[in-house]
Amino acid sequence: MKRLFLINGSLRPASNSGRMVSLFSDAAKQYGIETRKVELRQCNLQMCRGCLACSKTGRCVHKDGLNELMTEIEASDGLILAGPVYYGSVTAQLKTFMDRIGLLGEAHGRSLRGKTGGSISVARRWGHLSVQSQMMLWFDRVEMVHVGCGWCSATSTDANDISPDAEGVAYPRRLAENFANLWGMKN
């Protein structure tokens, strides 16, 4: 069985990003892919100090749970990054996660290399391209293989609801299907 680690970078409970992650998770399970979701809003991740202690010890100096998350990510087959567009970028929490996990991966002998990744974004109007680019370039930097489906993105309305975006809410299923195809798990 393949395992994916799902990171939701939204700060809102019951967020549109969380909904997209759930749609992906439900679809992935239909293909026999196990998922584990983490809501970054429930973590108290500290920003990277740039001390590079991790390169010497293999562990981050912060005692905020990221070392344990890294162990779980290394034991998985892949990683999904999801989040809303905040002023044209990923959220600060997701950026902190990406910075620190990337450095830990390097400290662990490029432990993310060859794993499979996917990206999910939600915006009210604009910003999908920049957020998707940030995530895809991060996957490239940590030497992961990015799986796409076009862009797995949904656009919300002024009521902060992605439901009217039928095409956008269909993307998570397609992304899960592409993971299943890549891994030879499609029925």
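Residues numbered from 1 in each chain as written. Predicted model: local features only at pLDDT ≥ 70, side-chain atom pairs only at ≥ 80, totals over all residues. Heavy atoms only, no water.

Enquirer: Just to check I follow, could you spell out helix 4 (residues 92-107) for this structure?
Expert: In an α-helix, one full turn covers 3.6 residues, which means residues spaced three or four apart are oriented alike. In this model helix 4 runs 22 Å from its N-terminal to its C-terminal C-alpha over 16 residues, within 8% of the 22 Å that 1.5 Å per residue would give. Taken together, the buried positions of helix 4 are occupied by Leu 94, Thr 96, Phe 97, Met 98, Arg 100, Ile 101, Gly 102, Leu 104 and Gly 105. For helix 4, the elements touching its buried residues are strand 1 (3-8), helix 2 (53-57), helix 3 (66-75), strand 3 (78-84) and helix 5 (128-141). Where helix 4 ends, the next residue or the one after it, Gly 109, has phi of about 70°, a positive value. (Helix = DSSP H or I, 4+ residues; strand = E, 2+ residues; numbered from the N terminus. Expected span 1.5 Å × (residues − 1). Buried < 20%, exposed > 50% of the residue type's maximum accessible area, 1.4 Å probe, protein only. Contact = heavy atoms within 4.5 Å.)

Enquirer: So what exactly am I meant to see when it comes to empty space enclosed by the protein here?
Expert: Gaps between atoms show up when a probe of the same size as a water molecule is rolled over them. What the rule picks out here adds up to two cavities of 30 Å³ or more. Empty space within the largest cavity amounts to approximately 110 Å³. Around the largest cavity sit Cys 48, Arg 49, Gly 50, Cys 51, Leu 52, Cys 54, Cys 60, Val 61, His 62, Arg 100, Leu 103 and Leu 104, which together line it. Here the lining of the largest cavity gets three residues from one element, more than from any other, and that element is helix 4. Grouping the constituent residues of the lining of the largest cavity by class yields eight nonpolar, two polar and two charged. Counted as a void, the second largest cavity has a volume near 40 Å³. Forming the walls of the second largest cavity are Gly 102, Gly 105, Glu 106, Arg 110, Leu 112 and Val 142. When its residues are assigned to classes, the lining of the second largest cavity shows two nonpolar, two polar and two charged. (1 Å grid on protein atoms, 1.4 Å probe; cavity = no way out; pocket = protein on both sides within 12 Å on 5 of 7 lines; lining within 4 Å. Points joined across faces, edges and corners; volume = space filled by probe spheres on them. Nonpolar A, V, L, I, M, F, W, Y, C, P; charged D, E, K, R; others polar.)

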